[in-house]
Number of protein chains: 2
Amino acid sequence: MENIDYKKGLEDVIAAESKICLIDPVSGGLYYRGHNITELTEHSTFEETAYLLLEGHLPNEIELKHFNEKLLSYRKLHSNLLQIIRGLSKNCHPMKVLQTTIAALGGIWDNKGTDNPKEICIAYLSQFPLIIAAYWRILNKQEIITPHKEFSHAGNFLYMLTGKVPTAKETSLLDKALILHMEHDLNASTFTARVVASSLAPVSAFLSAAIGSLSGPLHGGANEKVLEMVYEIGEESNVVPYLDKALATGKKVMGMGHRVYRTKDPRAIILQKYLKQASDSEDARKKVAILEKIEDYLARTFEEQHKKVYPNVDFYSGTLFHCLAINPLLFTPIFAMSRVVGWCAHVCEQWQDNRIFRPICHYTGERNLKYVNIEKRR
Amino acid sequence: MENIDYKKGLEDVIAAESKICLIDPVSGGLYYRGHNITELTEHSTFEETAYLLLEGHLPNEIELKHFNEKLLSYRKLHSNLLQIIRGLSKNCHPMKVLQTTIAALGGIWDNKGTDNPKEICIAYLSQFPLIIAAYWRILNKQEIITPHKEFSHAGNFLYMLTGKVPTAKETSLLDKALILHMEHDLNASTFTARVVASSLAPVSAFLSAAIGSLSGPLHGGANEKVLEMVYEIGEESNVVPYLDKALATGKKVMGMGHRVYRTKDPRAIILQKYLKQASDSEDARKKVAILEKIEDYLARTFEEQHKKVYPNVDFYSGTLFHCLAINPLLFTPIFAMSRVVGWCAHVCEQWQDNRIFRPICHYTGERNLKYVNIEKRR
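An account of the accompanying structure is given in this report. (Residues numbered from 1 in each chain as written. Chains lettered and ligands numbered in written order. Predicted model: local features only at pLDDT ≥ 70, side-chain atom pairs only at ≥ 80, totals over all residues. Heavy atoms only, no water.)

One pass over the structure, following the stated rule, counts 38 salt bridges over all chains. Here A:Lys70 and A:Glu119 are joined by a salt bridge, their closest N and O atoms 3.6 Å apart. Of this pair, A:Lys70 sits in helix α3 (residues 61–73) while A:Glu119 sits in helix α6 (residues 117–139), placing them 49 residues apart in sequence. For A:Lys70, a relative accessible area of 35% corresponds to the partly exposed category. B:Glu48 is paired through a salt bridge with A:Arg377; the nearest N and O atoms lie 2.8 Å apart. With B:Glu48 in helix α2 (residues 46–55) and A:Arg377 in the segment after β5 (360–363), this residue pair bridges two chains. What makes B:Glu48 buried here is its relative accessible area of 5%. (Salt bridge = Lys/Arg side-chain N within 4 Å of Asp/Glu carboxyl O. Helix = DSSP H or I, 4+ residues; strand = E, 2+ residues; numbered from the N terminus. Buried < 20%, exposed > 50% of the residue type's maximum accessible area, 1.4 Å probe, protein only.)

This part is about the packing of aromatic side chains. Here the structure, examined in full by the defined rule, presents 17 aromatic pairs over all chains. Ring centres of A:Tyr74 and A:Trp109 lie 6.2 Å apart, and the angle between their planes is 50 degrees; on these two criteria the pair is classed as tilted. Of this pair, A:Tyr74 sits in the loop between α3 and α4 (79–87) while A:Trp109 sits in helix α5 (residues 94–109), placing them 35 residues apart in sequence. Judged by centre distance (5.7 Å) and plane angle (85 degrees), the rings of A:Phe191 and A:Phe357 are edge-to-face. Taken as a pair, A:Phe191 in helix α9 (residues 188–197) and A:Phe357 in the loop between α16 (331–352) and β5 lie far apart in primary sequence, 166 residues in all. A single burial state applies to A:Phe191 and to A:Phe357, both of which are buried. Here a set of aromatic residues connected by ring pairs shows up, and it is made of A:Phe191, A:Phe357, B:Phe191 and B:Phe357. In this arrangement the basic side chain of A:Lys287 is found over the ring face of A:Tyr231, its NZ or CZ atom lying 4.3 Å from the centre. Above the ring of A:Tyr371, the side-chain terminus of A:Arg377 is found at 5.2 Å from the ring centroid. (Phe/Tyr/Trp six-rings, centres within 6.5 Å; stacked < 30°, edge-to-face > 60°. Lys NZ or Arg CZ within 6 Å of the ring centre and 35° of its normal.)

All names here are of chain B. As defined by bridge partners, strand β2 (residues 21–24) adjoins strand β3 (residues 29–32) across four bridges and the pair is classed as antiparallel. The residue of β3 that forms the bridge with Asp24 is Gly29. Between β2 and the antiparallel strand that follows it, β3, lie four residues; Gly28 among them carries a positive phi value of about 75 degrees. (Pairing = 2+ DSSP bridges.)

Here we come to the side chain of B:Ser126. Residue and element names in this part refer to chain B. Topologically, Ser126 is positioned in helix α6 (residues 117–139). For Ser126, a relative accessible area of 4% gives the class buried. A distance of 3.3 Å separates a polar side-chain atom of Ser126 from the backbone oxygen of Tyr74. Setting aside chain neighbours within four positions, we find Ser126 in contact with Leu71, Tyr74, Arg75 and His153. (Polar contact = N/O pair within 3.5 Å; in protein donor to acceptor, adjacent residues only side chain to side chain. Contact = heavy atoms within 4.5 Å.)

A:Ile294 and B:Ile294 are the most contacted members of the largest nonpolar core, which totals 240 residues. Beyond its immediate stretch of four places on either side in the chain, B:Ile294 contacts B:Met229, B:Ile233, B:Val239, B:Leu243, B:Val253, B:Met256 and B:Phe315. With 18 residues, the next largest nonpolar core counts A:Val13, B:Val13, B:Leu186 and B:Phe191 among its residues. (Core = buried A, V, L, I, M, F, W, Y, C linked by side-chain atoms within 4.5 Å.)

So, about the interface of chain B and chain A. With 102 residues of chain B in contact, the opposing surface of chain A contributes 102 residues. When chain B packs against chain A, the two sides together hide about 9400 Å² of surface, and 58% of this comes from carbon and sulfur. The largest per-residue losses of area from chain B upon contact with chain A belong to B:Ile14, B:Arg358 and B:Tyr371, which jointly make up 9% of the total buried on that side. Here chain B is connected to chain A by 10 salt bridges. Where A:Asp185 meets B:Arg358, a salt bridge forms, and the shortest distance between an N and an O atom there is 3.0 Å. Across the contact surface, chain B and chain A share 65 residue pairs in polar contact (both at pLDDT 80 or more). The element best represented in the side of chain B that touches chain A is helix α5 (residues 94–109) of chain B, accounting for eight residues. Residues that form the side of chain B that touches chain A fall into these classes: 44 nonpolar, 36 polar and 22 charged. Across four bridges, β5(A) lies against strand β1 (residues 14–18) of chain B in parallel orientation. Bridging across to β1(B), A:Tyr363 finds its partner in B:Ser18. (Buried area = accessible area lost by both parts, 1.4 Å probe. Nonpolar A, V, L, I, M, F, W, Y, C, P; charged D, E, K, R; others polar.)

Counting buried positions along α9(A) gives 10 out of 10 residues, so the element sits mostly inside the fold. Those residues of α9(A) not exposed but buried are A:Ala188, A:Ser189, A:Thr190, A:Phe191, A:Thr192, A:Ala193, A:Arg194, A:Val195, A:Val196 and A:Ala197. Packing partners of the buried residues in α9(A) comprise β1 (14–18), α10 (203–214) and α16 of chain A together with α9 (188–197) and α10 (203–214) of chain B.

Here we take up the packing of helix α3 (residues 61–73) of chain B against α6(B). Residues and elements named next belong to chain B. Contact geometry of α3 with α6 gives a least axis separation of 8 Å together with a crossing angle of 60 degrees. When the axis of α3 is compared with that of α6, the two are oblique. Handedness of the crossing formed by α3 with α6: right-handed. Along its contact with α3, which presents Phe67, Lys70 and Leu71, the element α6 presents Glu119, Ile122, Leu125 and Ser126. A class-by-class count of the residues in the contact of α3 with α6 yields four nonpolar, one polar and two charged. (Axes fitted to C-alpha atoms, helices over the stretch in contact; angles between N-to-C directions. Parallel < 35°, antiparallel > 145°, perpendicular 65-115°, else oblique. Left-handed = near helix turned anticlockwise from the far one by under 90°.)

A separate point is the relation of the copies chain B and chain A. Rotating chain B by 180 degrees about the axis while translating it 0.0 Å along that axis superimposes it on chain A, leaving an RMSD of 0.0 Å. When the rotation and shift are considered jointly, the pair of chain copies conforms to a two-fold rotation axis. Across chain B, the rotation axis passes nearest the C-alpha of B:Ala209, at a separation of 2.0 Å. Both copies contact each other with a shared surface, as 100% of the interface residues of chain B are interface residues in chain A too. (Least-squares fit on C-alpha atoms with pLDDT ≥ 70 in both.)

Set out below in structure tokens:
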């Protein structure tokens, strides 16, 4: 058989031109529309960064006001969605709930995919926190909280989730985590969104598809596994024996390494910083100490072998959500609630100069088989 | 800016190795697992061809019996799905209904994606006809028909759709159309299925995503447009003036040309043959005559310009479904009910040697912008 050189998983293959996100794998830089993620996390908000990604520039005061008004105008939950959530299995993963309800919204609102796509995208992204909070309240047999019109996107989510008005510190911490997870070039879910939208499928179709992609354990979900590992380790003094055993048995240490970065993921650096500021309980400080010891011990161990290994975005984010008293089941849905902005930005760009995605396979199977009647088959 | 050579829409880019489908663009050949589509359409059935695509070989009598039993064992509709369909907007497109309900099944059945994936796939593919028929009956305020356990996949669909026992000829015609639409290499929806499943997302997630991709007018839906064109033309004598006007004004003639084939799409040849056999009414014969005249006139016109243009699969399929008294709204859902087999076969292959899809963008946007406080922005 001829030897065909192709890139499995399309690694390093350029699949689109884009003005949205720049990753510098060597220096460990991440930029949204030319803006450094470190500056954005420090100074910006979910709303402002969403505007930046969708529109291409940071908004002035009037533009931000209009954007907020639009977002708020869609902040209500359709009663049919509650009915759908209640009709799913109680212990099904919330990503399935999210994929179903976003597809259903396409059938409830029934808007077209390409009439003012940005406006439609804003409508959909307003819905993610409402759906996730409603799922959580139904799961826990609590009443659904009516959305609060005065709160920010992040603040309202925490409010609807817990029924309590969040502190400014809590809202800000979630806001920063949302900014950090919003966009990351052609990861599998964003690539899914572009592929689906390239057939000119409607907004509900490509968003629901992207949620499905993110729901897989190789994409979303690693931060949940990191937190599980921290629980398993329990004490800082257990880190070295745990890692020695993991390395000896080939067990994967979660939250380490990235397909693109050759350095520490810049989002891990930022999350680590805010996590340390936020961890005011004994329990949280203990978890951070365990994480930092894992990072440090692995770095030193691999350095001896002239290799490098660094934390990625998932390494510190689970513990940060844990500090906000958010259940691990909700980590990937919150990732989706943030990444939806990137999905929408990429599709709006795709539609400006669209061509349907239609690659080919290299065929390695049988050829020219004869159809034999069933009674003669072995 | 540097000039980067990349393939828009990943045209001609190899994205996977596969043993499932071989397309010969030059001779116009299409093979499933090495078997010529012409032979399969002539001799095989939906069930047998689905087995072939999923398992890699044609079944013997015992294998086919087991496969049919499995398929039948899932032939019942969950009541929550009916509730979901009723909760969507009455005039929303049935592809939205299908995307929502298949995602919802993931939350109702709540099975894992990788435990015996072929068995799970069979369960899902059994559901497509039931959902489409239920949608149609609800839309038309008719009672839901209970699935018939003695009928074939195609026959049961026609039965549940109309409430009448289909003739052998009708069942056979639909069966042939299903075989023809089942698989076609890395078209956008099958590629979507592989990308989504590459994160190890569950079966409901990748199927729902693939439905979303197929729902776009650039992918599914062209056969509906061909039939509309035939209605618009009305009489055979109007074909030439219609086409002259279309060519002069740059209006697209639907159902012509294909990204891959350099010849007449082999599926169009087969559909044309069965359509001519099936068209026993005056109306149907008239429509076929219009289609053949379009094909003929375009071929001659382009030949004069030393160009070639050929019908694709969508050119004759809409009229064939029309002969079965199937409403155009259902054409793309029926395409999905067939192509789901290809989606499943590709994902089972993907999971045997998986690597997550993660291509890159070529960045052409701004760099190193400074964050300016909002009151200072223009």
